[in-house]
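Coordinates in review
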Amino acid sequence: MVLEPSVSFSSTPPPAQCTRFNFRTFRWMQTMIFAIEEINRDGKLLPNITLGYKIYDSCSTPHQALRGAMELVGSEKDSGVEGQTQSKGTCYGTVPVVIGDGGSTQSLVVAHFLGVFHVPQVSYFSSCACLSDKKEFPAFLRTMPSDFFQVDALVQLVKHFGWTWVGVIAGDDAYGHGGANIFANEVRKLGACIALHEIIPKNRAQTAISSIISKIHSSGARVILVFAVEQDASALFDEALRQGLTGIQWLASEAWSTAAVLSTPKKHHHILQGSMGFAIRRAHIPGLQDFLLRLHPSSTDALADPFLIPFWEEVFQCSLGVQNEGQEHNGGGKPPCSGAEELGSVKNIYSDVSQLRISYNVYKAVYAIAHALEAMRSCVKGKGPFHLQTCPDVDSIQPWQLLHYIKQVEYLNSFGDETKFDENGDPTAMYDLVNWQLNPNGDMEFVTIGKFDETTKVGKQKLQIQEGVIVWNGNQTQIPLSVCSSICPPGTRKAIRPNFPICCHDCVVCAAGEISNQTDAIECVRCLTDFWSNDERTACIPKQVEFLSFSDTMGITLTAISLIGSFCTCVVAFIFSYHRTTPIVKSNNSELSFLLLFSLTLCFLCSLTFIGRPSEWSCMLRHTAFGITFVLCISCILGKTIVVLMAFKATLPGSNVMKWFGPAQQKAIITLCTLVQVIICIVWLVVAPPSPRRLFPRESFIVILLCDEGSPVAFALVLGYIGLLACLCLLLAFLARKLPDNFNEAWLITFSMLIFCAVWIAFVPAYISSPGKYSTATEVFAILASSYGLLGCIFAPKCYIILLRPEKNTWKHLMSKAATGKF
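Nothing here was measured: the structure is a model prediction, and the numbers come from that model.

Within the protein chain, the secondary structure is distributed over 22 helices and 29 strands. The buried share among the 823 residues of the protein chain stands at 52%. Within the protein chain, counting contacts between residues at least 6 apart in sequence, those at least 24 apart form 69% of the total. Accessible area of the protein chain: about 37,600 Å², with a carbon and sulfur share of 59%.

Listed below in structure tokens is the structure:
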């Protein structure tokens, strides 16, 4: 019995001829033959069964692939390369299973056709994820992992190195389109962006590829994935070499990640060194190299193999001059072969068994079919998988029956790898991460720097990388940075650029009061109320507490002015005390003058209570002390003014008004006026006392600590009462301004009250509009200005006469001035 698995390696039934001989495909074909002969020779797996084969070359075109598949399934005519051995049973003209095709585009066409007849198809190199659709391709299986898993590995690689601006260049076929589209979609889910997505045309026109290289230049992407077969990738790199494109970290899809056609020419070394990509697991197949090198045109089966002659002529660039298909083959003008050529003397892709990856897939595909046949032979009658639990007839195997058994294959091969197919007909996905590195001899090596295992348990990393052995593009020691925009440092946030992908952004410094303490922050975080951002906008620090303190310049200045004012008042009091017997002191009611000087001293000193950190006691003290001391001061001035007016009236004949305004009455007036203010302050402190309050100005790094008035009404009453007394005093002094000169204090009081009222009228709007501690400073300034006004206007002229013009400080002079009306 002879079964004929067929490998549609890259294919055409005669008389079609491929335009270019492919050494790699020829090696895959020989690997299939090796595996079949190994199974037949061993006899343990399939005793009494001999496997045969028919081989067609699809020439990497869908048309020829379909033609070969139709020839294999629908005709009993022998064609292509055939090997079969007779045993007990029947030799079939139509094959029950097809191995191939290599390319995804060709496999799509073949799988559509074979699926109709349920003929199992096992591909060794077609990785398009689209072929996992069992509704569309029910008879398709493969030993090559789906691109879905390869893309998953590539996405994990992009994530691992933090690349967010990646370019994708795909081949114009099912493999390129499918893989590149899945990759682009998955990368976007990570938050990364596709810098460019270009297609290499099948005709590989230089203008189109040149345009792609130009777009790579302009995109700014440093990492480019080339998801294409090696022929398309080679055309791209040739153009990149011509235009001098360097500094790109190339990511390789599995189709060219270990391609000798790209790594062997040294012209590509300086642009491809450091490239990374995923390759399927490789294996060393014992005896395969000797099997590959056995070929020679003089062997007995040379004439039966239509591929051997073009292979030999291509390897040695000579002509065998044999006839083929009835026509003399002249070898295209090549010199004749000597017949002494040996494959072992030539190093090329065909004889290189250091990277047996796709060849290993071919090997596994043959053994998977053999194990399926073995399972069919082992079927127990009455326990079969088909209708009524029947078993297949091993002497007349139907393709759909073999398909069922291939799907159930599960075994551990001699290399320790498990071979089985999932519900989509896909194998377990395991990849080696390879890095292109130059060895000391200047040759390119594929160094395994990690692996990707899709079967990794949940919670563990599928991708494992040995960081220390990676060589980056151009021997860089650091990971290439591929981002559309620079990484935003702490203290900034990402601001999306309009009409640009999400990965393109500007780094905007966080606003005052906001921070970001990580790189690439999407938004800044506002600090809590009591905190503010530091200058770097990376941390929240406590806000500066602002109040009118004794340590800042303004506080020191006001303190000095206050102390100078109180000192001057004390000096005036000393002068008045020392010259208390002189006429000018006696004529101006010395008792009230001393009381006025005492109250002025308190007014100067009470301003100090407004300076310093506000507390509950200082807030209550500052406002009440201010209100009471100023009322006491104004009351004294009011008393002096009333005395001046009454003294003038007392000089009129028959008047005894002065008995009602003697010293006791004056003191009573002052006490009564002051008591009213004391009562207002007591009620204020009981009902709603002033207290410290923290203000948080918007968009400010300070906390304003000040005294809240507590009750605005009480504060207004205190100021209003002072204003009322001041206005009354101003009115009376104005009425007494033209009295005889020995009562000349009236016009001094008039000036002092004018200054006092002007200061406090200006104070109200200034106090309301001043921010923070400046409102307190305004109040202190008003206190000091009005106090200096009273001290200067009332006492400065008198001190001038006492100290500098003593000749005027006599009763005679005062009485004479009274007669002339001048002071």
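Let us keep going from here.
Right, let's talk about a nonpolar patch on the surface for a bit. A contiguous nonpolar surface patch, about 590 Å² in accessible area, is contributed by L675, I679, I682, V683, V686 and V687. Looking at the secondary structure, you find V683 in helix 18 (residues 663-687).

Here we take up the sheet that holds strand 18 (residues 430-438). On the basis of which strands lie adjacent, the open sheet formed by 8 strands has the order 10-9-11-12-13-18-19-20 and mixed pairing. Unpaired on one side and paired on the other, strand 10 (193-200) and strand 20 (463-465) mark the two borders of the sheet. For this sheet, the mean angle separating the axes of adjacent strands, direction not counted, is 25°. Note that strand 9 (residues 165-171) and strand 10 share 7 bridges and pair parallel. Counted as the bridge partner of G167 is L196 from strand 10. Against the sheet, helix 6 (residues 206-219) makes contact with strand 9, strand 10, strand 11 (223-227) and strand 12 (249-252), and its axis sits at roughly 170° relative to strand 10, the strand it touches most.

Here the structure, examined in full by the defined rule, presents 38 aromatic pairs. The interplanar angle of 75° and the centroid separation of 5.4 Å between the aromatic rings of F576 and F795 together place this pair among those described as edge-to-face. Of the two residues, F576 sits in helix 14 (residues 553-578) while F795 sits in helix 21 (residues 773-804), which places them 219 residues apart along the sequence. For F795, a relative accessible area of 0% puts it in the buried group. Every member of this aromatic cluster is reached through a ring pair, and the members are F34, F291, Y360, Y363, Y367 and F415. For the cation-ring pair, R294 lies above F291, with the distance from its terminal atom to the ring centre recorded as 3.6 Å.

Per the counting criterion, the structure on display carries 16 salt bridges. Here R24 makes a salt bridge to E230, at a shortest N to O gap of 2.9 Å. Within this pair, whereas R24 is found in helix 1 (residues 23-42), its partner E230 is found in helix 7 (residues 230-243), the two being separated by 206 residues in sequence. You'll find R24 and E230 in the same group, each marked buried. K267 is paired through a salt bridge with D238; the nearest N and O atoms lie 3.3 Å apart. Note that K267 is positioned in the loop between helix 8 (260-263) and helix 9 (269-272) and D238 in helix 7, a separation of 29 residues in sequence. By relative accessible area, D238 is classed as partly exposed at 30%.

Here we come to the state of the cysteines. On inspection of all chains with the given rule, the structure shows 9 disulfides. A disulfide bridge connects C318 with C337, and the sulfur atoms are separated by 1.8 Å. Classification of the bridge connecting C318 and C337 rests on its S-S torsion, roughly 90°, and on that basis the disulfide is right-handed. Linking C318 in the loop between helix 11 (308-316) and strand 14 (323-324) with C337 in the loop between strand 15 (327-328) and helix 12 (358-377), this pair joins segments that are 19 residues apart in sequence. Each sulfur of the disulfide joining C484 and C504 lies 1.9 Å from the other. Across the S-S bond of C484 and C504 the torsion is about 100°, and the bridge reads as right-handed. In this pair, C484 is assigned in the loop between strand 20 and strand 21 (492-496) and C504 in the loop between strand 21 and strand 22 (505-509), connecting sequence segments 20 residues apart. Under the relative-accessibility criterion, C484 is labelled partly exposed at 21%. Taking the relative accessible area as the measure of exposure, C504 reaches 1% and is therefore buried. The thiol sulfur of C570 is not disulfide-bonded, and the nearest other cysteine sulfur, from C568, lies at 9.3 Å.

Let us look at the sheet that holds strand 28 (residues 691-695). Strands sit in the order 27-29-28 across an open sheet of 3 strands; the sheet is mixed. The sheet is open, and its two borders are formed by strand 27 (544-546) and strand 28, each paired with just one other strand. Averaged over neighbouring strand pairs, the angle between their axes works out to 30° when direction is ignored.

Next up on the list: the packing of helix 16 (residues 590-606) against helix 21. Remark: helix 16 packs on helix 21, axes separated minimally by 9 Å, with the N-to-C direction vectors making an angle of 155°. Between helix 16 and helix 21, the angle falls in the class roughly antiparallel. Here helix 16 and helix 21 pass one another in a crossing that is left-handed. Contacts from S593, L596, L597, L600, C603, F604 and C606 in helix 16 reach I783, L784, S787, Y788, L790, L791, I794 and F795 in helix 21. A class-by-class count of the residues in the contact of helix 16 with helix 21 yields 13 nonpolar, 2 polar and no charged.

This paragraph deals with the pairing of strand 28. Sheet topology places strand 28 next to strand 29 (residues 702-708); 5 bridges connect them, and they run antiparallel. Bridging from a neighbouring strand, R693 pairs with L706 of strand 29. Hairpin geometry of strand 28 and strand 29 is characterised by an intervening segment of 6 residues between the two adjacent antiparallel strands and by a positive phi of about 55° at E699.

Now for helix 7. Here helix 7 contains 14 residues, and its C-alpha end-to-end distance of 20 Å stays within 8% of the 20 Å for a straight helix at 1.5 Å per residue. By the burial criterion, the buried members of helix 7 are E230, D232, A233, S234, A235, L236, F237, E239 and A240. Looking one or two places after helix 7, you find G244, whose phi comes out positive at around 70°.

What follows covers the environment of G100. Looking at the secondary structure, you find G100 in strand 6 (residues 98-100). Accessibility expressed as a relative area gives 0% for G100, which makes it buried. A C-alpha to C-alpha distance of 4.3 Å links G100 and S123, two positions 23 residues apart in sequence.

Moving on, we get to unusual backbone geometry. Backbone geometry follows two general trends: most residues other than glycine have a negative phi, and most peptide bonds adopt the trans configuration. G100 connects to D101 through a cis peptide bond whose omega is -10°. Summarising the element assignment, D101 is placed in the loop between strand 6 and helix 3 (104-116). Despite not being glycine, L388 shows a phi value in the positive range, around 60°. On the basis of relative accessible area, L388 is assigned to the exposed category, the value being 69%. One non-glycine residue, N499, lies in positive phi territory at about 65°.

To describe two helices that pack against each other, one gives the angle between their axes and the distance between the axes. Contact pair helix 14 / helix 16: the axes reach a minimum separation of 8 Å and the direction vectors enclose 165°. What the angle tells us is that helix 14 and helix 16 run roughly antiparallel. Classified by chirality, the crossing of helix 16 by helix 14 is left-handed. On the side of helix 14, the interface is formed by S562, G565, S566, T569, C570, V572, A573, F576 and S577, while helix 16 contributes S593, F594, L597, L600, T601, F604 and L605. Here the residues of the contact of helix 14 with helix 16 are counted per class, giving 9 nonpolar, 7 polar and no charged.

Calculation criteria
- Each chain has its residues counted from 1, running along the sequence as written.
- Reporting of local features is limited, given that this is a predicted model, to residues whose pLDDT is at least 70; pairs of side-chain atoms are given and counted only at 80 or more, and all residues count toward the totals for whole chains, interfaces and linings.
- In computing side-chain properties, one takes all heavy atoms of the structure into account and sets aside hydrogens as well as water.
- Secondary structure elements follow DSSP: runs of H or I of four or more residues count as helices, runs of E of two or more count as strands, with numbering from the N terminus.
- For each residue, the accessible area found with a 1.4 Å probe, counting protein chains only, is set against the maximum for its type, and the residue is called buried under 20%, exposed over 50%, and partly exposed in between.
- Should any heavy atoms of two residues lie within 4.5 Å, those residues are considered in contact.
- To measure how exposed things are, a 1.4 Å probe is used in the Shrake-Rupley method; for residues, cover is taken only from the protein chains shown.
- Patch criteria: residues need more than 30% relative accessible area and no salt bridge. Like-charged residues are merged within 9 Å; nonpolar side chains of Val, Leu, Ile, Met, Phe, Trp and Tyr are merged within 5 Å.
- When a carboxyl oxygen of Asp or Glu lies within 4 Å of a side-chain nitrogen of Lys or Arg, that pair is called a salt bridge.
- Two strands are counted as paired when DSSP detects at least two bridges linking them.
- What counts as an axis is a line fitted to C-alpha atoms, over the stretch in contact for a helix, and the angles between N-to-C directions run from 0 to 180 degrees.
- Pairing of aromatic rings covers Phe, Tyr and Trp, the last counted by its six-membered ring, and requires centre-to-centre distances within 6.5 Å; plane angles under 30 degrees mean stacked, over 60 mean edge-to-face, and any other angle means tilted.
- Lysine NZ or arginine CZ positioned within 6 Å of the ring centre and within 35 degrees of the ring normal marks a charge as sitting over the ring.
- Note on terminology: pairs of cysteine sulfur atoms within 2.5 Å are recorded as disulfides.
- Orientation is classified from the angle alone, with under 35 degrees giving roughly parallel, over 145 giving roughly antiparallel, 65 to 115 giving roughly perpendicular, and any other angle giving oblique.
- Put simply, a crossing is left-handed when the front helix is turned counterclockwise from the back one by less than a right angle, and right-handed when it is turned clockwise.
- Any residue outside Ala, Val, Leu, Ile, Met, Phe, Trp, Tyr, Cys, Pro, Asp, Glu, Lys and Arg is labelled polar, Gly included; the first ten of those are nonpolar and the last four are charged.
- The span expected for a helix works out to 1.5 Å for each residue beyond the first.

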